[in-house]
Amino acid sequence: MEEMFHKKSEAVRRLVEAAEEAHLKHEFDADLQYEYFNAVLINERDKDGNFLELGKEFILAPNDHFNNLPVNISLSDVQVPTNMYNKDPAIVNGVYWSESLNKVFVDNFDRDPSLIWQYFGSAKGFFRQYPGIKWEPDENGVIAFDCRNRKWYIQAATSPKDVVILVDVSGSMKGLRLTIAKQTVSSILDTLGDDDFFNIIAYNEELHYVEPCLNGTLVQADRTNKEHFREHLDKLFAKGIGMLDIALNEAFNILSDFNHTGQGSICSQAIMLITDGAVDTYDTIFAKYNWPDRKVRIFTYLIGREAAFADNLKWMACANKGFFTQISTLADVQENVMEYLHVLSRPKVIDQEHDVVWTEAYIDSTLTDDQGLVLMTTVAMPVFSKQNETRSKGILLGVVGTDVPVKELLKTIPKYKLGIHGYAFAITNNGYILTHPELRPLYEEGKKRRKPNYSSVDLSEVEWEDRDDVLRNAMVNRKTGKFSMEVKKTVDKGFRCGALQRPWEVFLPRECDHRRRPA
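In this text the structure is predicted, and so the values were computed from the model without any measurement.

### Here's the deal with the overall build of the protein
- Helices and strands together make up the secondary structure of the protein, namely 14 helices and 20 strands.
- The buried share of the protein, taken over its 519 residues, is 53%.
- Summed over all atoms, the accessible surface of the protein reaches about 24,400 Å², with 49% contributed by carbon and sulfur.

### Structural notes on the pairing of strand β12 (residues 323-327)
- Examined bridge by bridge, strand β11 (residues 296-303) and β12 share five bridges and lie parallel to one another. Paired with Tyr301 across the bridge in β12 is Thr325.
- Crossover β11 to β12 through helix α9 (residues 310-318) is right-handed.

### What to know about the confidence of the model for the protein
- On average, residues of the protein score 87 in pLDDT, and 89% of them reach the 70 mark or higher.
- Every residue in residues 510-518 scores below 50 in pLDDT, and together they form 42 contacts with partners more than four places removed in sequence or on other chains.

### Overview of the packing of aromatic side chains
- For the structure on display, the rule yields 24 aromatic pairs.
- Geometrically, the ring pair formed by Phe252 and Tyr289 is stacked, given 5.2 Å between the ring centres and 0 degrees between the ring planes. Highlighted residues: Phe252 in helix α7 (residues 244-260) and Tyr289 in helix α8 (residues 283-289), separated in sequence by 37 residues.
- Among the aromatic residues, ring-to-ring pairing joins Tyr119, Phe127, Trp135, Phe145, Trp152 and Tyr153 into one connected group.
- When the ring centre of Phe51 is taken as origin, the NZ or CZ atom of Arg45, which lies over that ring, is 4.0 Å away.

### Focus: α9
- Buried residues of α9: Ala310, Leu313, Met316 and Ala317, and no others. Along α9, the residues classed as buried sweep out an arc of 130 degrees about the axis, all on the same side. Of the residues in α9, the exposed ones pointing more than 90 degrees away from the buried face are Asp311 and Cys318.
- The secondary structure elements touched by the buried residues of α9 are α7, β10 (268-275), α8, β11 and β12.

### Regarding the packing of helix α5 (residues 176-190) against helix α6 (residues 223-233)
- Where α5 contacts α6, the axes come no closer than 11 Å and their chain directions differ by 180 degrees. Taken as axis vectors, α5 and α6 run roughly antiparallel relative to one another. From α5, Lys182, Val185, Ser186, Leu189 and Asp190 reach across to α6, where they touch Lys226, Arg230 and Leu233.
- Per-class residue counts for the contact of α5 with α6 are three nonpolar, one polar and four charged.

### Some words on a nonpolar patch on the surface
- Nonpolar side chains collect at one region of the surface, where Ile241, Met243 and Ile246 lie side by side and expose about 250 Å² of accessible area between them.
- Structurally, Met243 can be placed in the loop between α6 and α7.

### Description of unusual backbone geometry
- The step from Tyr130 to Pro131 runs through a cis peptide bond, and the omega angle for that step is -5 degrees.
- Pro292 follows Trp291 through a cis peptide bond whose omega is 5 degrees.
- Within the element layout of this structure, Pro292 appears in the loop between α8 and β11.
- In the Ramachandran plot, Asn67 falls in the positive-phi region, its phi being about 60 degrees despite a non-glycine side chain.
- Counting through the fold element by element, Asn67 comes out in the loop between β1 (61-63) and β2 (69-71).
- Owing to a relative accessible area of 28%, Asn67 belongs among the partly exposed residues under this scheme.
- Residue Lys321 is not a glycine yet carries a positive backbone phi of 55 degrees.
- Secondary-structure assignment places Lys321 in the loop between α9 and β12.

### Structural notes on the pattern of salt bridges
- Applying the stated rule across the entire model yields 21 salt bridges.
- Where Arg472 meets Asp458, a salt bridge forms, and the shortest distance between an N and an O atom there is 2.8 Å. Here Arg472 is found in helix α14 (residues 470-476), whereas its partner Asp458 is found in the loop between β18 (433-435) and α14, with 14 residues between them in sequence. Across the pair, exposure class does not vary: Arg472 and Asp458 are buried alike.
- Each member of the salt-bridge network shares a partner with another, and the members are Lys7, Lys8 and Asp112.

### Describing the pairing of strand β4 (residues 118-122)
- Among the five residues in β4, five count as buried, and that is most of the element.
- Side chains of β4 alternate between two faces, with Gln118, Phe120 and Ser122 and Tyr119 and Gly121 buried alike.
- Where β4 lies against strand β5 (residues 127-130), four bridges are found, and the strand directions are antiparallel. From the neighbouring strand, Gln118 faces β5, where its bridge partner is Tyr130.
- Hairpin geometry of β4 and β5 is characterised by an intervening segment of four residues between the two adjacent antiparallel strands and by a positive phi of about 115 degrees at Gly125.
- Examined bridge by bridge, β4 and strand β16 (residues 396-405) share five bridges and lie antiparallel to one another. Residue pairing for β16: Phe120 is matched across the bridge by Val400.

### Focus: α6
- Along α6, the residues classified as buried are Lys226, Phe229, Arg230, His232 and Leu233. Down the axis of α6, the smallest arc covering the buried residues is 160 degrees, so these residues share one side.

### Quick look at the side chain of Ser114
- Structurally, Ser114 is set in the loop between α3 (101-111) and β4.
- A polar atom in the side chain of Ser114 sits 2.8 Å from the side chain of Lys8.
- Of the polar contacts made by the side chain of Ser114, one reaches the side chain of Asp112; its length is 2.6 Å.
- The residues touching Ser114, leaving out its near neighbours within four places in the chain, are Lys8, His65 and Glu408.

### Some details on the side chain of His232
- Tracing the backbone through its elements, the reader meets His232 in helix α6.
- By relative accessible area, which is 14% here, His232 ends up buried.
- Polar contacts involving the side chain of His232 include one to the side chain of Glu211, which spans 3.3 Å.
- Filtering out sequence-adjacent residues up to four positions away, His232 remains in contact with Val210 and Glu211.

### Overview of the nonpolar core
- By size, the foremost hydrophobic cluster in this structure holds 80 residues, and its most contacted members are Tyr36, Trp152 and Val400.
- The biggest single contributor to this core is helix α1 (residues 2-25), with nine residues.
- Composition of this core by domain shows at least three residues from each of domain 1 (1-147 + 354-405) and domain 3 (413-512).
- Setting aside anything within four residues of it in sequence, one finds Trp152 in contact with Tyr119, Gly121, Phe127, Cys147, Val357, Thr359, Thr378, Ala380 and Val399.

What counts and how
- Residues numbered from 1 in each chain as written.
- Predicted model: local features only at pLDDT ≥ 70, side-chain atom pairs only at ≥ 80, totals over all residues.
- Heavy atoms only, no water.
- Helix = DSSP H or I, 4+ residues; strand = E, 2+ residues; numbered from the N terminus.
- Buried < 20%, exposed > 50% of the residue type's maximum accessible area, 1.4 Å probe, protein only.
- Areas by Shrake-Rupley, 256 points an atom, 1.4 Å probe, with all protein chains shown as cover.
- Pairing = 2+ DSSP bridges.
- Right-handed = clockwise from strand over helix to strand, strands pointing away.
- pLDDT = per-residue confidence, 0-100.
- Contact = heavy atoms within 4.5 Å.
- Phe/Tyr/Trp six-rings, centres within 6.5 Å; stacked < 30°, edge-to-face > 60°.
- Lys NZ or Arg CZ within 6 Å of the ring centre and 35° of its normal.
- Arc of directions from axis to C-beta.
- Axes fitted to C-alpha atoms, helices over the stretch in contact; angles between N-to-C directions.
- Parallel < 35°, antiparallel > 145°, perpendicular 65-115°, else oblique.
- Nonpolar A, V, L, I, M, F, W, Y, C, P; charged D, E, K, R; others polar.
- Patch = residues over 30% accessible without salt bridge, like charges linked within 9 Å, V, L, I, M, F, W, Y side chains within 5 Å.
- Salt bridge = Lys/Arg side-chain N within 4 Å of Asp/Glu carboxyl O.
- Polar contact = N/O pair within 3.5 Å; in protein donor to acceptor, adjacent residues only side chain to side chain.
- Core = buried A, V, L, I, M, F, W, Y, C linked by side-chain atoms within 4.5 Å.
- Domains from an automatic or database assignment.

Printed below as a string of structure tokens:
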């Protein structure tokens, strides 16, 4: 298994080196004209039979390794989110220099034919995928996919973080502003993963925790918690006067107290402020809680077109190592929210920390086998700018990754050593199952209907004999060794139950990242 982890990691590392070298040699050209293969437009013709712009002929052929999907195993193509301009200079320049990854994609596939999809997700928003494949928009002509919202991108690009989101619900936020604010919060939640912790506080003259049962603490940003908070966002309404000083005091206290408990990410901390203005810079509060170390970054989002209070919000962000942005319409939300990820990635970029990360298991809807949809995990690594003029600023170029079918992990397990009643399983650093005989992601065998939280099933939910989480905690805490515990086993087709002592052996591959590794 260690050898397999190493092979996948090395494939990703070769992509990182090629991408960084290509960007180092590239000089940005605002007038660059470059015809690339757009994954949505390829092979499309106009009414006169001519190929569309960016839609040149792109040879596709069914390939049994990719579930007989029509693909091009010689070239990659590029998907650009619907809300972005295909020929934006930043997009065109990024696509141009990342074209050099094609040779590495093919070389990786030749070295390891078990590789599935390989890709580069750019910080500018475009997604280069190998082998090339045609993307089809939905019935509304939209492709909502944005690689920067995917877990593999977020986990590789940033360190784990504790976040308090402050939402202004004073009277001036009525109408469209409150709608934009809610959408901004929802987009921030999209960028949080299982390694992050958060809470949301609405404020006017008083503080209103979006979930009152969780006041004064932070919760893990797993799918269940994020959906729960989203439901409560609809209950917010605007009235009264905004007292930001009270909200800032509360946010700093939560982050401080939570950090002292030893829980949470124990890494980056941030306060996200969503408001239509601030009448003061609140420097006395920052001096009390955050200066001179400035361990908590402040990110400010100014809602609306007015810029009367922009200077105060800009000062607050800059004085606390954060970022300021203005959001005027719903269409601006996603792109502006993404900016904070670039800031949080700077320490990793400056220190050149190329951590390899592995995601939890998920279902790839494009591939199937004889047992139905295929469970995947992704190995990913960040790509940094090495140009001298940008290196000190910490510029994240994007994230490269490749998908690994879980069944490939299982093939590496020496079954002859397990015995007739033995089985192997793997979990993530959060205790979620990567692979386990009792993991059933679909409602019915052979069906395609997924269970809503199939990717966040905790080990304790299937190894229920581990009542004190001895086994689970040992794996999460990176302990190795052997121990045994009593388990109950059914016999006679479930009519009788007997107790037996089952030995366990915990193994940790060396290739895995110290924060987000399977065990």
